[in-house]
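Architecture and fold: a report
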Amino acid sequence: GMYCLGFPKILNDNEPEKGKIICVRASRDRSFFAAVYDRAVSIWYHRPHVSLVSYVRGDESVDEYGQNQDVAWRPDGFMLAVVTTKSRVIFYNLQLTDREIYASNPVKGCRISEDTPSIGNIPEVTLEQSCVVSLLGGLSCISSRREELVVASGMGMLCRVCWDGLVDGQLSLQVHAIPFTADPQRVRAVPLASSAGLYLSAIDYCSKLGGFAFVLNNGRGGLLISTTMGFDPKHVKGIWARGVTNAACLAVNQRYGLIAFGCESGDVLLYTLDDLTGSLLHSHSMSLSPQQYPDAGVRSGPVHCMSWTPDGSALVVSWCRGGFSLWSTFGALLLCSLHGDYGISVDSVDFSQSLIVKSMAWGAEGYHLLMVSETSREDQRGSANQGDIIVLQFAKTALINNPAATNHEHVLLQAEDRFYLHTADSLAYKQGDSLSVADSKQWQIVQIPLDYLATNWPIKYTAVDMTGHYVVVSGKRGMAHCNVSTRKWKLFGNESQEQSMTSRGGIVWWKDIIIIGCHNHEDNSDEVRMYSRSSRLDNTFMSHLIKLSSPVAIVNVFREFLVVLTTDRRLFLYGMERQAGQQVLSGLAPVVILAKLQEISIAQYIPHISSLVSLEPSALRTEAAGSSPSTKGLPESIIANVAGKLLLLQRDHSVAEKKGKRAQFLAPVVLASGVEHVWAAPHSKPSHRYLLEALWLGCGAGGMKVWLPLFPRDGQHGSNFLSKRIMLTFKLDIYPLLVHLEEAIALGVVCDTTVGHSSQLLPFCSLERTAQIFLYHILKQLLRRNLGGHALQIARSCESLPCFAHVLELMLHDVLEEEAPAAGLHPLPDALLPRVVAFIQEFPQYLETIGHCTRKTEVAMWHYLFQVVGNPKDLFQQCIESERLEIAASYLIIIQNLEPPVVSKQYATRLLDSALDHSLFELSRDLVRFLKAIGSGEVPDSPSRSLSAVPASAPPIVTPVADRFEVALQKEKERTGSQSSTVTLPAEFVDETGRVIKRPHFLADLDLPKEEWFIDIILCRHARKLLSSWQLRCLGKFAALLDFPLVSWLNKERNRAALVDDFSHALLSLHQQMEWPMPVMKSRLDGDAQSVVSSGSVRSDGSRHEGSGDFSLQDSSLGEATSTVRSPSILTNVTGDDDVLSVGDLSGLVTPQDGEESGWEVEDFEFSEPSSTVKGPKQSELELRFFLQMMLEAHCYEWALIVAIILQDSISSSAALQSVFQDSDMSFDNKRHIATGLEQLMAWAQTESPGYIWIMESLREQYHSLTELLDETQSMTTDGDATSESESAICSPLTELEHTLVNSTPSSAPVTPGIQEPVVAATGGPDDPPDKCFIS
């Protein structure tokens, strides 16, 4: 894969005397490129892009020879041939001088010294005209073949010109004399019947195919071949490319042997030569998808020009009307400028004016693409000069040049001066962890040292180790490696050693050893070297050295084995063993012991070594014979990618190998064609056996292919059984660079464009890592082939993946979209959907998958789906029974679209009841809105007050991000209209099911819509259930999320659901809900002088100071004998200090009179405030303060007392008990109930929780006053007093006992009747929304 980077660069070389720029052509080694103008030729250097020399022709030369038209380089790069418009070929000599026009000055501390050869400097060159050759008929195209130049004329001639200017007329060809055929094996080649006016409009030589690819001016294309090496005209014949009728240009891929024909339709057709028949076979096509580019044919027009990358891995295509695209070798689209952000307008981005490119050339290693634009930026300002040279920067995957085993574990891209790394193991999926390799899109970008690049650019090979922590790079000479995390590099300390080696065949990691194939220039020998990353990078510390007789072609590893292939197509297999380091000079160098195991010739399987793309050892086999004992552990096969054709070479075990006899291979098995990348796991795991033992292929436009093993089921495994395999093909939306097999995820990269400043001609490009799940493709194809058992085994092995539910949903959605349109017309004979549904039923995600897929599918497809899965109402019922209420909500929306509103309302009500019972209040809120919308036809607005603000210290409570019912509500509004259904309801209401429902008592005076009245009944019923079961925290969340009128409802329920039957159990329940710790008493006072702490501070003389007292809180572990008594002036707030807990008002702490009997009497015990550890979480304290305020406002004094006692807030508890006296609406029985509850709570505190004794003693005086009043009232009732008089005495605001109660109220906390300002927590003021503490 090739990917564009950064902003494009514009090379400024527009001089008026040169004229309009025509084209650019790079030399064979890409060191120079020639820019051809109407009147001049300029030579540019490759890095940096600077103009070295220009040759400008005079007016006399232009008038005589014509303007420049095209150019061709001699293979050695020291001569050019320029074709002119008047049928002339002008030859130029390019010579290097001893001087340098740009030289690098050594910097102090830099590794480059004055003695360093001037490889990184820019030489001075001269360009001189050599000779001029005249031809006839007008020249149409030019091509270079070895030591001669081939020029096509407009008269149908193909002239062969030597580089010294000589023309051999006997070797010239005429189009009308060449015999043509489409099938050389079956059809005899004959000359063209009507060849008048025909000529070659495009021609290019392909050394691998041994001929010239051509395009005629009538649009037909093909290949000219000869049976002789000298290309004798008598033995030349033409082979037509079938289907090519409107070709405009061509480009030849030397490595893969492909001929690309650019057509007038804008498509590109690619052909290859069949070795058996000798005919041209159509390989694949490159055409823009009409789904993604519906107007591509209109916008782009015919293909203008094309150019392959130097390694043949990508093809860039430009169109006549503007725009360009980049394709992989076998047709995967990598980049296209027609999607936008590519314009030529300077002041504004005008997408209608696409960039028109008329010539292209690739730089060294494909890191740069030079493009000649039709219009330059100066043309926009009215200048006469036209055309610019635009340079695009590219990064490419390391798999192109170095398909080593370790490079298949991580995504590694290499650019001209840096590399981009995305490690898969850093976020690899672990059991029990929800992280996935696809979760991270972060790149690790590491700059290659300039010291190394100055003399060794361009970078050719890069490799990353298995851990993803170390990367090695190799350029023109030497190598360097770095630690990615620390960004520290290791380079050769001895630069002469670096410059003496040139890497060949790639680099690979084995453990901590770097294995590199190279050519030693000092000895003129070919070697395989091994260096340790922990040792100094020096030949003295080399771990091992292998001398070879031929240059290295490929180096790779498999487990503990090394595979080396040389250019003479001999394969060497070595066994490796790493031993501890040995002392070398001042350091340690690990040693690798190698044992040569085998040497095999594979020349009969690989005709051209240049066509070998990759070679990987593997454990895969197809035949039934097991591996022999003598070769146990060795690679069982070799997987070779020969020009896109994947061959499997298996070891032959039929004949026992004798000593000294070379191992043989069976006949090669062609697994696939059009292969670009191959992935195979080196090791297997029982849990992921299917995926790890499969062979994964990236095939460009053909998608991905997997050679999948089919293991037998349990109980069918035989001792000699060998699994069969099946080849599956599926499409991906991304171009895969890495296949993470354990997660069944393919990773890729795309170019993300950003429009920059208006002065930029093209957008800024950045790399974005993409991912796609492909497991569902495999499962679907296995089900289609009736291999459901194997699909089930694969799915079981992947069930723990975080994306597994999404996999099932994708598979169902894919099959539904395929079959639903056809199923609506006629029944499908072999439908796949029933098998897919039955397959998904094997997993617990079945209901979730059906519901989510249905909601994401068009309603027109629902009928076909529910014919297979059943009635959605039955699925809804299954969700309710299995308590999967969130999934049931999805089915409710489905039912709402399929059933009448009455049915939807019925099911929504059932779901609302279940959601409330399971405390799913977010879902309940959505259901309430849903029910109201069904009745009124109007979409309700969002809640008026914000429920999301909480203090920073409070733990968050998750709330839904979006309302999942928004779409359904809008549909219901459109269907039912927006007519109001507000009515005045009677005291009773009969619903659709015949149930008689009474109107809520607190809605007696309101006229509400019938639906809202019914919903309020449900909410009130659930609120009563929560309050009766003492679930205050749930009640708070319920009121906050459903916007429930809590205060008014509590006020109505204060004599019913708000009554507390058991104070102690209610208090314990609240402790558990709020996670509030029980209070703990401090150490007892030592000595005999134990006294009871009264409400005031105790003076030294024994007198009591009236008013509130506060005691210092000290850690009980300190063993303090006495408690320090503070004065009233230093009374602190309850919640303002984390280390001090105020005890509030202690005025009620008095000892009972002699002879009194009371449940509050405590013998021989010290009453002291609890230690500071009594405080619970801040969020819980905030919620308790909220309930304290709510209960006081609603006159629910029982709960207010309980909450205040839990908070150890004596002021609020005294205020609540005082309110009992002042509340004239409270009955005698309720007041008696409160007194009884307090007495029961004190008795419980004495035996179960002594920490509560002090707060109960603070209420003792008020409690006695209350009981005296109640006893007096009861006595008056017994004596026969009138009921009205007793009620009047009880409720009189100025009775003597109430005067006593008022006078005993702490002066520091005055309380007004009705408790208008109850005490709240410091973290939230009285003005804050009362329900915000329950929502985060």
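Procedures and definitions
Each chain carries its own residue numbering, running from 1 in the written order of its sequence. Only residues with pLDDT of at least 70 are given local features in this predicted model, and only at 80 or more are side-chain atom pairs given and counted; all residues enter the totals for whole chains, interfaces and linings. Side-chain figures throughout are based on the complete set of non-hydrogen atoms in the structure, without hydrogens or water. Helix numbers and strand numbers start at the N terminus; a helix is a DSSP run of H or I with at least 4 residues, a strand a run of E with at least 2. Only protein chains enter the accessibility calculation, which uses a 1.4 Å probe; a residue whose area is less than 20% of its type maximum is buried, one above 50% is exposed, and one in between is partly exposed. By the convention used here, residues are in contact when the closest approach between their heavy atoms is within 4.5 Å. Here the Shrake-Rupley method, with its probe set to 1.4 Å, supplies the accessible areas, and only the displayed protein chains count as covering residues. DSSP calls a pair of strands paired once it identifies at least 2 bridges connecting them. Aromatic rings from Phe, Tyr and Trp, taking only the six-membered ring of Trp, are treated as a pair when their centres fall within 6.5 Å; an angle between ring planes under 30 degrees marks them as stacked, one over 60 as edge-to-face, and anything in between as tilted. Remark: a charge is flagged as sitting over a ring if the NZ atom of Lys or the CZ atom of Arg is within 6 Å of the ring centre and within 35 degrees of the ring normal. The term salt bridge refers to a side-chain nitrogen of Lys or Arg lying within 4 Å of a carboxyl oxygen of Asp or Glu. Looking at any residue, its pLDDT shows the predictor's confidence there, from 0 to 100.

**A short note on the overall build of the chain**
For the chain, the helix and strand inventory stands at 28 helices and 60 strands. The buried share of the chain, reckoned over its 1336 residues, is 54%. Taking the intrachain contacts of the chain between residues at least 6 apart in sequence as the baseline, contacts between residues at least 24 apart amount to 61%. If you sum the accessible surface of the chain, you get close to 56,500 Å²; carbon and sulfur atoms cover 50% of it.

**Side note on the side chain of N1230**
Mapped onto the elements, N1230 comes out in helix α24 (residues 1228-1247). Note on N1230: relative accessible area 12%, which makes it buried.

**Digging into the sheet that holds strand β17 (residues 211-216)**
If you walk across this open sheet you meet the six strands as β15-β14-β19-β18-β17-β16, and the pairing is mixed. Edge strands, defined here as strands with exactly one partner in the open sheet, are β15 (190-191) and β16 (200-206). With five bridges joining them, β17 and strand β18 (residues 221-226) adopt antiparallel strand pairing. Each residue of the ladder has a partner; that of F212, found in β18, is L224.

**Observations concerning the packing of aromatic side chains**
In the structure shown here, the tally under the stated rule is 30 aromatic pairs. Seen in terms of ring centroids, Y690 and F711 are 5.1 Å apart; in terms of plane orientation they differ by 80°. Their pairing is edge-to-face. Of this pair, Y690 sits in helix α5 (residues 689-692) while F711 sits in the loop between β52 (704-710) and β53 (724-730), and the two are 21 residues apart along the sequence. Neither residue differs from the other here; Y690 and F711 are each classed as buried. Aromatic ring contacts, followed pair by pair, group F921, F1038, F1044 and W1049 into a single cluster. We note K396 situated over the ring of Y367; from NZ or CZ to the ring centre the distance is 5.6 Å.

**Here we look at the pattern of salt bridges**
In a structure, side chains of opposite charge can pair up when their charged atoms sit close to one another. The full count for this structure, using the stated rule, is 43 salt bridges. Residues E527 and K547 are paired through a salt bridge, measuring 2.4 Å at the closest nitrogen-oxygen approach. Here E527 is found in strand β40 (residues 525-532), whereas its partner K547 is found in strand β41 (residues 544-548), with 20 residues between them in sequence. Overall, the relative accessible area of 2% leaves E527 in the buried class. In this structure K547 comes out as partly exposed when scored by relative accessible area, which is 47%. The partner of R1056 in a salt bridge is E1053, with the nearest N and O atoms 3.8 Å apart. Among the residues examined, E1053 registers a relative accessible area of 1% and is labelled buried.

**Things to note about the sheet that holds strand β11 (residues 148-153)**
Strand order in this open sheet of four strands is β10-β11-β12-β13, and the pairing throughout is antiparallel. Each edge of the open sheet carries a strand with a single partner, namely β10 (139-145) and β13 (173-174). As defined by bridge partners, β11 adjoins strand β12 (residues 157-162) across five bridges and the pair is classed as antiparallel. By the bridge assignment for β12, E148 is matched with C162.

**Quick look at the pairing of strand β54 (residues 736-740)**
In terms of burial, β54 is a largely internal element, five of the five residues being buried. In this sheet, strand β55 (residues 745-754) lies alongside β54 in antiparallel orientation, the contact comprising four bridges. Looking across to β55, one finds that P736 is bridged to G748. In this structure, the hairpin formed by β54 and β55 is closed by a connection of four residues, where A744 is found at a positive phi of approximately 55°.

**Regarding the confidence of the model for the chain**
For the chain, per-residue confidence averages 79 on the pLDDT scale, and residues scoring 70 or more make up 75% of the total. In this model, residues 718-722 is a region of pLDDT below 50 whose contacts with residues beyond four sequence positions or in other chains number four contacts. Note on residues 938-987: pLDDT under 50 across the span, and 104 contacts to partners over four residues away in sequence or across chains.

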